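# Secondary and tertiary structure notes
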Amino acid sequence: MESKDSVKANGAQDSLESNEIEQSKVGIMRALVERQDPSAKEVDNLTIRRFLRAYDLDIEKASTLLLKYLSWRRAFVPNGYIAESEIPNDLAHNKLFMQGVDKKGHPIVVVIGARHVHTSTDEFKRFVVYSLDKICASMPTGQEKFIGIADLQGWGYANSDIRGYLASLSIVQDCYPERLSKFFIVHAPYLFMTAWKTIHPFIDNKTRQKVVFVENKKLRSTLLNEIDESQLPEMYGGKLSLVPIQDS
């Protein structure tokens, strides 16, 4: 039987070898995408690594999706950022907030589902990109992921926006891979499950594993497993006030 020290040493060796494989593939993928799109020279190694990890280190798949992302970004965000003047209606809903970090240092994002009302799918997509860019820009050095809480208290037919939900899902999965750490869905009414059945088939396996439906009676204990009380929003018994994404 192997000793604990031996097992620990073997684990460290496996981790080192895994990192070396990743680094090697990052280099190969960089050369590949830069030949096809010179703008890829502006992409950092962490971004390339996230695309690789999202596709199980498959260089061909990851390269194809990164090139697609670069093309999409040029067309959809031609100025390099989404201005608040481009998303007035979605900002006015005051539905997305960012404050605090979880126990692993991931920024905490809260979405109030009942405040979303469909106006324009194109504007909502710009709002999603604006929000994700702000979330990513807020991350401290060495941190790449965020944790999300979707609160559906009071959610009803007026808030159901399947086209918008699918568009935002596509953006998160295809353009911001390996950015989501975990996504809690809380206070979900029975009515929401009808919408969820439509959305669920479009969620990739890796993202599905990060989605957690939380029972009301276990809400506080579940969140406290991930988030210190000092960092938990007041609405869940914590200490922090919600901060709108545009003010964070």
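This structure is a prediction, so every number in the text was calculated from the model and none was measured.

This part takes up the environment of Val186. Tracing the backbone through its elements, the reader meets Val186 in strand β4 (residues 180-186). Counting along the chain gives 35 residues from Val186 to Asp151, while the straight-line C-alpha distance between them is 5.0 Å. Each residue touching Val186, except ones within four places of it in the same chain, is listed here: Ile149, Ala150, Asp151, Leu152, Gln153, Val214, Leu219 and Tyr236.

A word on helix α7 (residues 192-199). What sets the pattern is the α-helix's 3.6 residues per turn: residues three or four places apart point alike. Considered for burial, the residues of α7 that qualify are Phe192, Ala195, Trp196 and Ile199. An end-on view of α7 places all buried positions within 105 degrees of arc, on one side of the element. Exposed and facing more than 90 degrees away from the buried side of α7 are Thr194 and Lys197. Where α7 is buried, its residues meet α6 (162-175), β4 and β5 (211-214).

With that settled, the discussion passes to the UniProt feature "domain: CRAL-TRIO" (unreviewed entry) in the chain. As annotated in UniProt, the feature "domain: CRAL-TRIO" (unreviewed entry) corresponds to residues 84-244 in the numbering used here. Secondary structure within residues 84-244 divides into 35% helix and 18% strand; the distance between the first and last C-alpha atoms comes to 13 Å.

Look at α6 against α7: their axes get within 10 Å of each other, and the N-to-C directions meet at 45 degrees. Considered as vectors, α6 and α7 are oriented oblique to each other. Crossing angle aside, the handedness with which α6 passes α7 is right-handed. Along the contact surface, α6 presents Ile162, Tyr165, Leu166 and Leu169, while α7 presents Ala195, Thr198 and Ile199.

As a further point, take the packing of helix α5 (residues 121-138) against α6. Relative orientation of the contacting elements α5 and α6 amounts to 35 degrees, with a least axis distance of 10 Å. For the crossing formed where α5 meets α6, the hand is right-handed. On α6, the residues touching Thr121, Phe124, Lys125, Val128, Val129 and Leu132 of α5 are Arg163, Gly164, Tyr165, Ala167, Ser168, Ile171 and Val172. Looking at the contact of α5 with α6 residue by residue, the class counts come to eight nonpolar, three polar and two charged.

What follows deals with the nonpolar core. In terms of nonpolar packing, the biggest core is built from 38 residues, with Met29, Leu66 and Ile135 touching the most fellow members. Elements that contribute at least two residues to this core include exactly α1 (4-36), α2 (45-54), α3 (59-76), β1 (96-101), α5 and α6. Those residues in contact with Met29, other than ones at most four positions away along the chain, are Ile48, Phe51, Leu52, Ile59, Ala62, Ser63 and Leu66. By size, the runner-up hydrophobic cluster in this structure holds 14 residues, among which are Ile147, Phe184, Val214 and Leu223.

Moving on, we get to the pattern of salt bridges. This structure, assessed with the given rule, holds 14 salt bridges. Between Glu34 and Arg30 there is a salt bridge whose closest N-O contact spans 2.9 Å. Taken as a pair, Glu34 and Arg30 lie in helix α1 at a separation of four residues, close to a single helical turn. Across the salt bridge formed by Lys145 and Glu178, the nearest N and O atoms sit 3.5 Å from each other. Here the residue Lys145 occupies a position in the loop between α5 and β3 (146-151), and Glu178 occupies one in the loop between α6 and β4, the gap between them amounting to 33 residues. Glu178 gets classed as buried once you look at its relative accessible area, which sits at 16%.

Here we come to the side chain of Ser168. Within the element layout of this structure, Ser168 appears in helix α6. For Ser168, the side chain forms a polar contact with the main-chain oxygen of Tyr165, separated by 2.8 Å. Setting aside its immediate chain neighbours within four residues, Ser168 contacts Phe124 and Val128.

Criteria and thresholds
Residues numbered from 1 in each chain as written. Predicted model: local features only at pLDDT ≥ 70, side-chain atom pairs only at ≥ 80, totals over all residues. Heavy atoms only, no water. Helix = DSSP H or I, 4+ residues; strand = E, 2+ residues; numbered from the N terminus. Contact = heavy atoms within 4.5 Å. Buried < 20%, exposed > 50% of the residue type's maximum accessible area, 1.4 Å probe, protein only. Arc of directions from axis to C-beta. UniProt positions renumbered as here; feature names shortened; annotations may be inferred. Axes fitted to C-alpha atoms, helices over the stretch in contact; angles between N-to-C directions. Parallel < 35°, antiparallel > 145°, perpendicular 65-115°, else oblique. Left-handed = near helix turned anticlockwise from the far one by under 90°. Nonpolar A, V, L, I, M, F, W, Y, C, P; charged D, E, K, R; others polar. Core = buried A, V, L, I, M, F, W, Y, C linked by side-chain atoms within 4.5 Å. Salt bridge = Lys/Arg side-chain N within 4 Å of Asp/Glu carboxyl O. Polar contact = N/O pair within 3.5 Å; in protein donor to acceptor, adjacent residues only side chain to side chain.

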